[in-house]
Amino acid sequence: MPKVEVENIVASTAFADRLDLDLIAQELEGAEYEPEQFPGLVYRLKEPKTATLLFRSGKANCTGAKTIEDVKRTVEIIKNKLKELGIEVYENPEIVIQNIVAISDLETELNLNDVAMGLGLENVEYEPEQFPGLVYRLKEPRVAMLLFGSGKIVCTGARKIEDVSRAVEKLAAELSSLGLLY
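Residues numbered from 1 in each chain as written. Predicted model: local features only at pLDDT ≥ 70, side-chain atom pairs only at ≥ 80, totals over all residues. Heavy atoms only, no water.

Novice: Looking at this model, I keep getting lost on the pairing of strand 9 (residues 152-158). Mind explaining?
Specialist: Working note: regular strand, side chains alternate between the two faces of the sheet. Pairing between strand 5 (residues 96-105) and strand 9: five bridges, direction antiparallel. Bridge pairing in strand 9 links Ile100 to Ala158. The pairing of strand 8 (residues 143-147) with strand 9 spans four bridges and is classified as antiparallel. When the sheet's bridge partners are listed, Leu146 is paired in strand 9 with Val154. Between strand 8 and strand 9, which pair antiparallel in sequence order, lie four residues; one of them, Gly151, sits at a positive phi of approximately 95°. (Pairing = 2+ DSSP bridges. Helix = DSSP H or I, 4+ residues; strand = E, 2+ residues; numbered from the N terminus.)

The following block contains the structure:
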């Protein structure tokens, strides 16, 4: 089973019904807010290394985490910082995982033309003149995988870490059964 490494988890949450981004930008050290450029306030943490976008609606998107625990810690840290500023926030903000991006390596070179034919053109996008990788969409688990001739894989679209592992296992088994893994 190829090793899977999570590179990025994108999660959403809501801290309140409304947030005063102008106040947060003034009071929260390190907050970046340029409403004429982008409607969200960006707040980066060094530990865990994440970036969170806060919006006036009270909603937020967290990106950059490599574990679910890092997402939870980020939300907790920001919730506490907002409370320290006197902002009323939800006690237990619900966290929804939107996307997990992970990488893996089949540790063998792939002939992407053969892979495209073997996996079936209805599930594959492969235009080597435009992009050096092959896109393979699985229905179960519902993810997209980028395969490269080097054997490296990028898996995106998963909402659970187990789904990434299942997808990579499934892909490796399919390629193996087609005689495409050497």
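The discussion continues.
Novice: Explanation requested: helix 3 (residues 112-119) in the structure shown.
Specialist: Since the α-helix advances by 3.6 residues per turn, residues separated by three or four positions end up pointing in the same direction. Looking at helix 3, one finds that the buried residues are Leu112, Val115, Ala116 and Leu119. In a view along the axis of helix 3, the buried residues occupy a sector of 100°, so they form one face of it. At the N-terminal end of helix 3, a side-chain oxygen is found 3.0 Å from the backbone nitrogen of Asn113, two or three residues along, and the residue is Asn111. In the stretch just after helix 3, Gly120 is the one whose phi turns positive, near 95°. (Buried < 20%, exposed > 50% of the residue type's maximum accessible area, 1.4 Å probe, protein only. Arc of directions from axis to C-beta. Polar contact = N/O pair within 3.5 Å; in protein donor to acceptor, adjacent residues only side chain to side chain.)

Novice: Which parts of the structure should I look at to understand the nonpolar core?
Specialist: A general feature of soluble globular proteins is that nonpolar side chains tend to end up buried together. In terms of nonpolar packing, the biggest core is built from 31 residues, with Val115, Leu134, Tyr136, Met145, Leu147, Leu171 and Leu175 touching the most fellow members. Sorting the residues of this core by element identifies strand 1 (4-14), strand 5, helix 3, strand 7 (134-138), strand 8, strand 9 and helix 4 (161-177) as the ones contributing at least two each. If one sorts the elements of this core by residue count, helix 4 sits on top with six residues. Contact partners of Leu171, with chain neighbours within four places excluded, come to Leu119, Tyr136, Met145, Leu147 and Ile153. (Core = buried A, V, L, I, M, F, W, Y, C linked by side-chain atoms within 4.5 Å. Contact = heavy atoms within 4.5 Å.)

Novice: Sorry if this is basic, but what is going on with the packing of aromatic side chains here?
Specialist: Two numbers describe a pair of aromatic rings. These are the distance of the centres and the angle of the planes. In this structure the tally under the stated criterion is two aromatic pairs. Ring centres 5.9 Å apart and planes at 65° place the aromatic pair Phe131 and Phe148 in the edge-to-face group. In this pair, Phe131 is assigned in the loop between strand 6 (124-125) and strand 7 and Phe148 in the loop between strand 8 and strand 9, connecting sequence segments 17 residues apart. Given the relative accessible area of 35%, Phe131 is considered partly exposed. (Phe/Tyr/Trp six-rings, centres within 6.5 Å; stacked < 30°, edge-to-face > 60°.)

Novice: How should the layout of surface pockets be read in this particular structure?
Specialist: Where empty space is left can be seen by rolling a probe of water-molecule size over the atoms. Its volume calculated, the largest pocket comes out at about 150 Å³. As for the largest pocket, its lining consists of Pro2, Lys3, Val4, Glu5, Ile103, Ser104, Asp105, Glu107, Lys152 and Ile153. When residues of the lining of the largest pocket are traced back to their parent elements, those giving at least two are strand 1, strand 5 and strand 9. Here the lining of the largest pocket gets three residues from one element, more than from any other, and that element is strand 5. In the lining of the largest pocket, the residues fall into four nonpolar, one polar and five charged. (1 Å grid on protein atoms, 1.4 Å probe; cavity = no way out; pocket = protein on both sides within 12 Å on 5 of 7 lines; lining within 4 Å. Points joined across faces, edges and corners; volume = space filled by probe spheres on them. Nonpolar A, V, L, I, M, F, W, Y, C, P; charged D, E, K, R; others polar.)

Novice: Is there a simple way to think about helix 2 (residues 68-84) in this case?
Specialist: Over its 17 residues, helix 2 runs 25 Å from end to end, which matches the ideal 24 Å to within 8%, given 1.5 Å per residue. The complete set of buried residues in helix 2 reads Asp70, Val71, Thr74, Val75, Ile78, Lys79 and Leu82. Those residues of helix 2 that are buried lie in contact with strand 1, helix 1 (21-27), strand 2 (41-45), strand 3 (50-54) and strand 4 (59-65). Looking one or two residues past helix 2, Gly86 carries a phi angle of roughly 85°, positive in sign. (Expected span 1.5 Å × (residues − 1).)

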